[in-house]
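# Secondary and tertiary structure notes
Residues per chain are reported as follows:
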Amino acid sequence: MPAICGWLRLGALSLAMAVSIGGVISAYATDVTAEWSTIQMPPAPTLKPVKVDPKTTAVLLLDFMHENCGKRPRCAAAVPTIKALHDRARAANMFFAYSLPGGGEIIDKGFAPRAGEVVDQKAGGPDKFLGDDLDERLKAHGIKTVIVCGTSAQGVGIGTGSAAAQRGYYVIYPVDCVLSESAFREAYAAYHMGGGGPPVPTKWVTVTRTDMITFENAGK
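Computed from a predicted structure; not experimentally measured.

We now examine helix H6 (residues 183-196). Because the α-helix completes a turn every 3.6 residues, residues three or four places apart line up on one side. A rise of 1.5 Å per residue sets the reference length of H6, with its 14 residues, at 20 Å; its end C-alpha atoms lie only 17 Å apart and thus fall more than 12% short of the reference. Three or more residues of H6 are buried, namely Glu 186, Ala 189, Ala 190 and Met 193. Along the axis of H6, the buried positions cluster into a sector of 100°, meaning they face one direction only. Buried residues belonging to H6 abut helix H2 (73-77), helix H5 (153-166), strand E6 (170-174), strand E7 (178-179), helix H7 (199-202) and strand E8 (205-208).

In this structure the tally under the stated criterion is two disulfides. With a sulfur-sulfur separation of 2.0 Å, Cys 69 is cross-linked through a disulfide to Cys 75. Looking along the S-S bond of the Cys 69-Cys 75 disulfide, the torsion reads about -100°, which is the left-handed sense. For Cys 69, a relative accessible area of 0% gives the class buried. Each sulfur of the disulfide joining Cys 149 and Cys 177 lies 2.2 Å from the other. Classification of the bridge connecting Cys 149 and Cys 177 rests on its S-S torsion, roughly -55°, and on that basis the disulfide is left-handed. Highlighted residues: Cys 149 in strand E5 (residues 145-151) and Cys 177 in the loop between E6 and E7, separated in sequence by 28 residues. The exposure class assigned to Cys 177 is buried, which follows from its relative accessible area of 0%.

Attention shifts here to the nonpolar core. Ranked by size, the top nonpolar core spans 28 residues in total, and within it Leu 61, Phe 64, Ile 82, Phe 111, Ile 147 and Ile 213 carry the most contacts. Of all the secondary-structure elements, those providing two or more residues to this core are strand E1 (50-52), strand E2 (57-62), helix H3 (79-91), strand E3 (95-99), E5 and strand E9 (213-215). With four residues, H3 is the largest single contributor of residues to this core. Contacts of Leu 61, omitting those with residues within four sequence positions, involve Ile 82, His 86, Phe 96, Ala 97, Tyr 98, Ser 99, Phe 111 and Cys 149. Core analysis: the second largest hydrophobic core is formed by 27 residues, Phe 95, Phe 129, Ala 164 and Val 178 among them.

Where nonpolar side chains cluster on the molecular surface, the patch consists of Val 32, Trp 36 and Ile 39 and spans about 320 Å² of accessible area. Within the secondary structure, Trp 36 is located in the loop between helix H1 (2-29) and E1. Accessibility expressed as a relative area gives 56% for Trp 36, which makes it exposed.

Parameters and conventions
- Within each chain, residue numbers correspond to sequence positions counted from 1 in written order.
- Per-residue local features are limited, in this predicted model, to residues with pLDDT of at least 70; the limit for side-chain atom pairs, both in listing and counting, is 80 or more; totals at the level of whole chains, interfaces and linings are taken over all residues.
- Water and hydrogen atoms play no part in the side-chain values, which are based on all heavy atoms of the structure.
- Helix and strand assignments follow DSSP, with helices taken as H or I runs no shorter than four residues and strands as E runs no shorter than two, numbered in order from the N terminus.
- Under the convention used throughout, the expected extent of a helix is 1.5 Å for every residue step, that is, one less than its residue count.
- Each residue is assigned to one of three classes by its accessible area relative to the maximum for its type, calculated with a 1.4 Å probe on protein chains only: buried under 20%, partly exposed between the two thresholds, exposed over 50%.
- By arc we mean the arc of the directions from the helix axis to the C-beta atoms, nothing more.
- Any two residues whose heavy atoms approach within 4.5 Å are treated as being in contact.
- Cysteine sulfur atoms that come within 2.5 Å of each other are treated as a disulfide pair.
- Here the nonpolar core consists of buried residues drawn from Ala, Val, Leu, Ile, Met, Phe, Trp, Tyr and Cys, with membership extended through side-chain atoms lying within 4.5 Å.
- A residue counts toward a patch only above 30% relative accessible area and without a salt bridge, and it is joined to like-charged neighbours within 9 Å or, for Val, Leu, Ile, Met, Phe, Trp and Tyr, to nonpolar neighbours within 5 Å.
- Exposure was quantified through the Shrake-Rupley algorithm and a 1.4 Å probe, taking into account, for residues, occlusion by the shown protein chains and nothing else.
- In the sections that follow, a salt bridge refers to a side-chain nitrogen of Lys or Arg positioned within 4 Å of a carboxyl oxygen of Asp or Glu.

What follows is the structure in structure tokens.
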């Protein structure tokens with residue numbers, strides 16, 4: 001009997017040690033910072049050509065101000081790209097919506113808002129639908145698709161892009177006009193919107209590039 005009790009105690013001790021060691025391993029395995037240097041970047045999202053109907057598509061130009069975009073080299077370098085898309089969309093008579101938080105000044109007058117267009121100037125966060133009537137204004141103009149351009153990518157890109165998809169809009173995400181402070185932040189935002197994020201909103205998103213966007217009935 002003493003021998004049996006001894007074996008039982010030894011077995012219990014071994015089990016306790018195994019659980020303890022397993023707990024340490026599990027805790028280590030769930031600490032992503034411990035694996036940081038070995039994590040592989042996923043493949044880039046596939047950029048897809050997209051054709052939109054100008055009558056039901058809006059261009060969202062979000063937070064492109066001297067105060068932020070002007071201080072981010074990647075954003076400042078993209079200004080000609082943003083203006084080129086703006087000019088093509090203007091020529092197609094598309095609807096525009098802007099955000100200039102805190103009354104900031106747009107970085108380039110060449111794509112500034114015009115009279116009567118939506119301009120959100122409240123000091124808000126990355127979701128431009130939150131606490132605003134943007135959804136109602138877009139729907140009042142029959143908008144079904146939005147082209148999201150803005151800075152930063154990890155802010156308004158993900159925040160407003162996902163919010164638009166969750167409200168039933170098709171979302172066009174051109175990677176060359178959603179800018180940030182670094183290439184990595186733009187990359188993880190593009191990965192998120194390209195399917196790496198929650199499937200419910202991202203299934204409505206097309207990741208593309210501005211020169212891959214065409215307009216139905218262009219030139220007619």
